[in-house]
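Survey of secondary and tertiary structure
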Amino acid sequence: MTDQATRSERYYLTTPIYYVNARPHLGHAYSTVVCDAIARRKRALGIDTWFLTGTDEHGQKIERSAKLAGCAPQEFADAIAAEFRGLWDRLGLTYDDFIRTTEPRHKRGVQRLFATLRERGFIYKGRYSGQYCIYDEAYVDGPPGTLCPDCGRLTENVSEENYYFKLSAFERKLLEFYEENPEFMGPESTRREVISFVRGGLRDLSVSRTSFSWGIPVPGDEKHVVYVWLDALANYITALGYGSDDPTDKARFERFWPADMHLIGKEISRFHCVYWPAFLMAAGIAPPKSVRANGWLLFDQGKMSKSRGNIVRADTVMQVLGTDALRYFLMREIPFGQDGNFSFDALVQRYNGDLANGYGNLVSRVVNMVHKYFGGVVPEVGAETQAEITLRAHAERGVAEFGPAFDALNFSDVLKQLWLLVAETDGYLTANAPWKKPADRSDSDHAKLQARVLATAAEAIRIITALAYPVLPDAAAKVWRQLGLGEIAEAARSGFLKHLTWGGLKAGTKFGEPAPLFPRAEKDAVERMQNLEDENNRSVVEAAGNKPGMVTPAPGPTNPVVGAVRTERGAHIEPESPGEAAPTGTTAAPGDAAQPVNAVPTEPVAPEHATRTLSPTPVSAAHESPASETISIDDFAKVELRVAQILVAERVPKADKLLRLEVDLGYEKRQILAGIAQHYEPEKLIGRKIVIVANLAPRKMRGLESNGMLLAASLEGGAPVLAGFLEDVPLGARLK
Ligand code: MSP
């Protein structure tokens, strides 16, 4: 075999590695499911395939999330990484390796890469003074106060001695590389964006940090940690064995690198299409063959994400409609590369239309009739008529066109075409009606027609099923057994798609027992999924302040979600109905008589924490008479009011009124919860200076710790108005 032939028979594809600061949701599942379908098809074509996924566990963002959750970063990362892996396993994803960036094999590889870049003269020491976005772990051009161009969050001012990578040396090389490899990146929008970014000029890139320590130490200068993106991108080679001297690792790396495809979300194209090939070129390693960006999964008009609080979990869909329904929807509904809306209604419509009434119904009709009329044994087709010749021709064309379109990632089109074949087979069956014998047709002619039509329809189903297998692996496995063909996974292992031709279902094959594939979704399916999400969100919100390992497990048969949730300390909280106003501050500490609280409506809180002085927006109602009692200056001096700036503002999922804020006091940063979500858009609060009570005892709401309280004027029947300043004031300044 030539070297070329050997290389072409292996395929290495990767998902992005997921940050462990958020739990997995459908947006994360999307790229992983797509990769799984590609990997399954490649293997079924007899190609030696390596499918990698994993988690991105270093950086300041993770360090801070762990701190807020009150645990060590490693403990935090362990718990969330286990959630990702658990979900991928429940979804039946066939990844070959799951890399975690905190693993020794990764650390070793990153240090080797860093050392190689330095030895080859592409890394030098310098000082960076400027703005940094912690959320995106990226430097941002502009003066203090600049908002990050990617996420809109306020950047932080940093000044640190760093190692720099000579990215500027790669401007021309990269442009030439893109030119010579037009297939390197896609879709076209990504390609254009990346090229214009590089043409705009590349400056050297800081590739180490000293401002935090949760990362991989720079070899030989351990007060620096490696920049998270250099660390993260390297996973694609360290997982194969780069950096290891073990012969098995070396062989794996030799076999599978360069990657055939990195599948990524569109917002991380620059890292993958600019920095990554530049790092590799500098290290003398071949760049990947291609990078393909998927669009975003939207829900309620916005990108599904933790910070927007609009996530849907894969488990919810799996529980109600099964994993194949989820896979089919994601690949059929959203043209790959574009943003796509997720909705429970659209999901159920697709499920019933294409899977239950379409494919599922076709299979059930044919399998049942073969059992009824032929004792479950495939009959001889006999002489074909024009109808069979046409169906066969369409199926053969389908086989020929499916592969190239699938390889071009046109999944939605491919499935649409395949389902035309489903409809055509269904129509063929109906037109020939093998179940109905007209009076003028002899018994023997009718038996011939039945044999011809059912054998042909069954063969069409075999072709459809083989092609659909990468997208619908569970259903395909069931159908394969019903067609008497055994285990499809075994067929896939022996590369059955390579030789997929019409006529594979031989006469005499004994069918398996009929079994339901996609039972029709009932009217309440949407409601059931919505309820599962609501229930889960209540559990998650409640558990969010716990260590991640203690987070309430996903609802399932073994741990049903009940209508009320328990706090960490066992206090019982009645669930809030969605959209319903929460009790207006009438909770009281145990043992206290319930006392009314003059506050805007707050979220229900655990009774043991709820005291009236600690409500999230503690403002006197304007309609009430001012306090009649006076206090001494010493009393007032006890209250530490300070200026703070909002760095992060996000909704607390399914807590209608609550915002989670991260604020900067100049001397420290902290988390505060405020009941202003109905009156302030979180995005618009970022960067705003506010006044907080800084010495309030911490309290927990919805499982999250609030360290302080913001001040706002409360207007009768109106929205609260945040206190602020007309002049510029330094952070942390005390109000006296
Ligand atoms: N850790 C980096 C990637 C490093 S790769 C060397 C990262 N992590 S992430 O968890 O924020 O995102 C991982 C992937 O999930 C990205 O490709 C991102 O686009 C994808 N998605 C997260 N939410 C998504 C949607 N709502 N829709 C589609 N994909 C989305 O970035």
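Here the structure is shown first, and the text comes after it.
Before going into details, it helps to say that this report is about the structure given with it. (Residues numbered from 1 in each chain as written. Predicted model: local features only at pLDDT ≥ 70, side-chain atom pairs only at ≥ 80, totals over all residues. Heavy atoms only, no water.)

Points about the pattern of salt bridges
Scanning the model with the defined rule gives 41 salt bridges in all. We note a salt bridge from Arg327 to Asp36, for which the minimum N-O separation is 2.7 Å. Taken together, the positions of Arg327 in helix α13 (residues 323–333) and Asp36 in helix α2 (residues 26–44) put the pair 291 residues apart, joining distant regions of the chain. For Lys223, the salt bridge goes to Asp221, with nearest N and O atoms at 4.0 Å. For Lys223, a relative accessible area of 53% translates into the label exposed. The exposure class assigned to Asp221 is buried, which follows from its relative accessible area of 12%. A cluster of three or more residues bridged by salt bridges with shared partners is formed by Lys125, Glu161, Asp221 and Lys223. (Salt bridge = Lys/Arg side-chain N within 4 Å of Asp/Glu carboxyl O. Helix = DSSP H or I, 4+ residues; strand = E, 2+ residues; numbered from the N terminus. Buried < 20%, exposed > 50% of the residue type's maximum accessible area, 1.4 Å probe, protein only.)

A look at the sheet that holds strand β15 (residues 297–299)
With mixed pairing, three strands are arranged side by side in an open sheet as β16-β15-β17. Looking at strand neighbours, the two that pair on one side only are β16 (302–303) and β17 (340–341), the edges of this open sheet. Alignment of β15 against β17, held across two bridges, turns out to be parallel. Of the residues in β17, the one forming a bridge with Leu298 is Asn341. (Pairing = 2+ DSSP bridges.)

A few points about the sheet that holds strand β10 (residues 208–209)
Taken in spatial order, the three strands line up as β10-β12-β11 in an open sheet, and their pairing is antiparallel. Every interior strand has two partners, whereas the edge strands, β10 and β11 (217–218), have only one. Pairing of β10 with strand β12 (residues 221–226) involves two bridges; the strand directions are antiparallel. Residue pairing across strands places Arg209 opposite Val225, the latter belonging to β12.

As for the nonpolar core
It is characteristic of soluble globular proteins that their nonpolar side chains tend to be buried jointly. Membership of the largest hydrophobic core comes to 120 residues, with the highest contact counts inside it found for Ile38, Trp88, Phe342, Tyr359, Trp419 and Phe496. For this core, the element with the highest residue contribution is helix α14 (residues 344–374), accounting for 14 residues. Mapped onto the domain boundaries, this core takes at least three residues apiece from domain 1 (3–296) and domain 2 (370–499). Setting aside residues no more than four positions away along its own chain, Phe342 makes contact with Leu26, Leu297, Leu298, Phe299, Met304, Val312, Val317, Phe329 and Leu347. Grouped together as the second largest cluster of nonpolar side chains are 66 residues, Leu174, Phe177, Tyr227 and Ile268 included. (Core = buried A, V, L, I, M, F, W, Y, C linked by side-chain atoms within 4.5 Å. Domains from an automatic or database assignment. Contact = heavy atoms within 4.5 Å.)

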